[in-house]
Structures are given as structure tokens and as C-alpha cells.
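The primary structure of each chain is shown beneath.
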Amino acid sequence: NAGVTQTPKFQVLKTGQSMTLQCAQDMNHNSMYWYRQDPGMGLRLIYYSASEGTTDKGEVPNGYNVSRLNKREFSLRLESAAPSQTSVYFCASMEGGAGNQPQHFGDGTRLSIL
Amino acid sequence: GEDVEQSLFLSVREGDSSVINCTYTDSSSTYLYWYKQEPGAGLQLLTYIFSNMDMKQDQRLTVLLNKKDKHLSLRIADTQTGDSAIYFCAERNSGNTPLVFGKGTRLSVIA
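Before going into details, it helps to say that this report is about the structure given with it. (Residues numbered from 1 in each chain as written. Chains lettered and ligands numbered in written order. Predicted model: local features only at pLDDT ≥ 70, side-chain atom pairs only at ≥ 80, totals over all residues. Heavy atoms only, no water.)

What follows deals with the sheet that holds strand β3 (residues 18–24) of chain B. Residues and elements named next belong to chain B. Spatial ordering of the open sheet is given by β1-β3-β8-β7-β6, a layout of 5 strands whose pairing is antiparallel. Strands with a single pairing partner mark the edges of an open sheet, and in this sheet they are β1 (4–6) and β6 (55–58). Taken over all neighbouring pairs, the strand axes of this sheet differ in orientation by 15 degrees on average, direction set aside. The pairing of β3 with strand β8 (residues 71–76) spans 6 bridges and is classified as antiparallel. Bridging from a neighbouring strand, I20 pairs with L74 of β8. (Pairing = 2+ DSSP bridges. Helix = DSSP H or I, 4+ residues; strand = E, 2+ residues; numbered from the N terminus. Axes fitted to C-alpha atoms, helices over the stretch in contact; angles between N-to-C directions.)

Written out as C-alpha cells, the structure reads:
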């Protein structure tokens, strides 16, 4: 009963290093999302993938890239980490389409950039 | 663009009722959600309401929707210390569009 799994749970990077955050879901959902959460800012959408093979920018895409590897997996890459990217990152998935479709969230990756 | 607003903080005494309010701007919102985030954890779906409903009750939780004023509220009856968390309001219109979240209301329950 895993739901949405994110790895790693914690990471510390130096400025300029690269890093890929992994996300996998086992609910056969079509849509997947990456958010960042900062104090007082709520959740901000970085990128999303409405279906396998498609990706779209969200509110704060600069400095990030994504890959929808297959239906299960959606990764987020920081090519050259900056201190402003210190945050908690959440992956979410949703079945997609019409009807009531809540997003299901992973437990987050806490990322610190020194 | 779409916007969802919430007050940032709410403090209540154990046993009292808590009311968390939310306003949204998108008149085409179809579904509205309440999520709970406990410290160090992800967001957990609490409840949702369809836009053609006025009220939904689920045990200690009551959701009220005033579609005319675009106002949503979450009432927690008999608030317990375990209810201390951040509560997010979110809205979505049809299709595959992502949810739009408010900034969250931090509920503190005083014993």
C-alpha cells in the first residue's frame, strides 16, 4: 500500500552540485506533479505531467528539469543547485480526467543547499 | 489567474470548535478540497466537496460552501491536540488541471 514514494527523504548539497529527486506511484495514475513548499509560501507547482509522455511548466520551473520516465515514475532534476532551492519538495499523483480526482502526496524530500 | 486565500494562523482551546476559512477566485471551480499536513509529513486528503453542494459532514468535520461568495470553510468539532497541523484549501476545475492550493492555515490547539 505504498502510494507515492519519494527518494531520498533528506539531502544536503553544495552550491553548483546536481541532484535528481525520484518519485514513483503504484496507483496507475496518469498525472504526476512536483511542488516545493517554503515557509509562508504554501505549495508552489514546479512542473507537472498530465499523462505519460507530456510535461508542462508550473508556477516556478526555473532551475529545474523533469522527466516522465514511464507511467509510474516522474523525476525532478536540479542541474546546478542554488541556495534558493533549499526547500521541501513534494511529489503528487492524480488519476486524471473528469470527476473527483484528489491528488495523493508523497512524504517529501527535504533538500538543503549550502 | 486563479487564487486561493487562507488566513495563516488559528489558535483554539481543546474541546472547542475550529473554523478554518478559505476564499477562491475561480468561478469554474468544480471540486474543493481540504488537506491536512502534520509536522514532517506530506499532505493528507481530509475531505472534498463538489461545487453543486452546500455542505458535507464527515464525523467531526463539516465543510460549508458558499458558491456565490466563493467561500469555503472547514469546521472541526471538539478539536483535539492531534488536530494541530497545517490545513490547506485547494480547488480544481475539470480536466487534468493541477490543484491550486492556498498557503495553508496553521492550527494550534491549546490544552
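This is not the end of the story, as more comes after the structure.
Residue and element names in this part refer to chain B. Relative to the helices and strands, C22 is located in strand β3. Sequence separation between C22 and R106 is 84 residues; the distance between their C-alpha atoms is 13 Å. Discounting chain neighbours no more than four positions away, the residues touching C22 are V4, E5, Q6, W34, K70, H71, L72 and C89. (Contact = heavy atoms within 4.5 Å.)

This model, assessed by the stated rule, comprises 2 disulfides over all chains. In this model C23(A) forms its disulfide with C91(A); the gap between the sulfur atoms is 1.9 Å. A torsion of -75 degrees about the S-S bond marks the disulfide between C23(A) and C91(A) as left-handed. Here the residue C23(A) occupies a position in strand β3 (residues 19–25), and C91(A) occupies one in strand β9 (residues 87–94), the gap between them amounting to 68 residues. Between the sulfur atoms of C22(B) and its disulfide mate C89(B) the distance is 2.0 Å. Of note, the bridge from C22(B) to C89(B) carries an S-S torsion of about -65 degrees and is left-handed in sense. Within this pair, whereas C22(B) is found in strand β3, its partner C89(B) is found in strand β9 (residues 85–92), the two being separated by 67 residues in sequence. (Disulfide = S-S within 2.5 Å.)

Our next topic: the sheet that holds β3(A). Residues and elements named next belong to chain A. Within the open sheet, the 4 strands sit side by side as β1-β3-β8-β7. Their pairing is antiparallel. Edge positions in the sheet fall to β1 (4–7) and β7 (65–68), since each has one partner strand and no second. The mean angle between the axes of side-by-side strands here comes to 15 degrees, regardless of whether they run parallel or antiparallel. Relative to strand β8 (residues 74–78), β7 runs antiparallel, the two sharing 4 bridges. For S67, the partnering residue across the bridge sits in β8 and is S75.

Glancing now at the packing of aromatic side chains. Under the counting rule described, the total for this entry stands at 13 aromatic pairs over all chains. Their ring planes at 85 degrees and their centres at 5.6 Å tell us that Y35(A) and F101(B) sit as a pair that is edge-to-face. Taken together, the positions of Y35(A) in strand β4 (residues 31–38) and F101(B) in strand β10 (residues 100–101) put the pair across two chains. For F101(B), a relative accessible area of 10% translates into the label buried. Summarising the aromatic geometry, the rings of Y31(B) and Y33(B) are spaced 6.5 Å apart at their centres and angled 35 degrees between planes, so their arrangement reads as tilted. Comparing Y31(B) with Y33(B) shows no difference in burial state: the two are buried. Of the aromatic side chains, those joined through ring pairs into one cluster are Y33(A), Y35(A), Y48(A), F105(A), Y31(B), Y33(B), Y35(B), Y48(B), F50(B), F88(B) and F101(B). Lying over the aromatic face of Y48(B), K56(B) brings its terminal NZ or CZ to 3.7 Å of the ring centre. (Phe/Tyr/Trp six-rings, centres within 6.5 Å; stacked < 30°, edge-to-face > 60°. Buried < 20%, exposed > 50% of the residue type's maximum accessible area, 1.4 Å probe, protein only. Lys NZ or Arg CZ within 6 Å of the ring centre and 35° of its normal.)

The partner chain A presents 24 residues to the 20 residues of chain B that form the contact. For the pair chain B and chain A, the summed buried surface comes to about 1,700 Å²; carbon and sulfur atoms form 56% of the total. If you look at where chain B meets chain A, you find 0 salt bridges. Along the contact surface separating chain B from chain A lie 4 residue pairs in polar contact (both at pLDDT 80 or more). (Buried area = accessible area lost by both parts, 1.4 Å probe. Salt bridge = Lys/Arg side-chain N within 4 Å of Asp/Glu carboxyl O. Polar contact = N/O pair within 3.5 Å; in protein donor to acceptor, adjacent residues only side chain to side chain.)

Looking now at the pattern of salt bridges. Residues and elements named next belong to chain A. Counting across every chain of the model gives 6 salt bridges over all chains. Where E79 meets R77, a salt bridge forms, and the shortest distance between an N and an O atom there is 3.0 Å. A relative accessible area of 43% places E79 in the partly exposed class. Residue class for R77 comes out partly exposed when judged on its relative accessible area of 29%.

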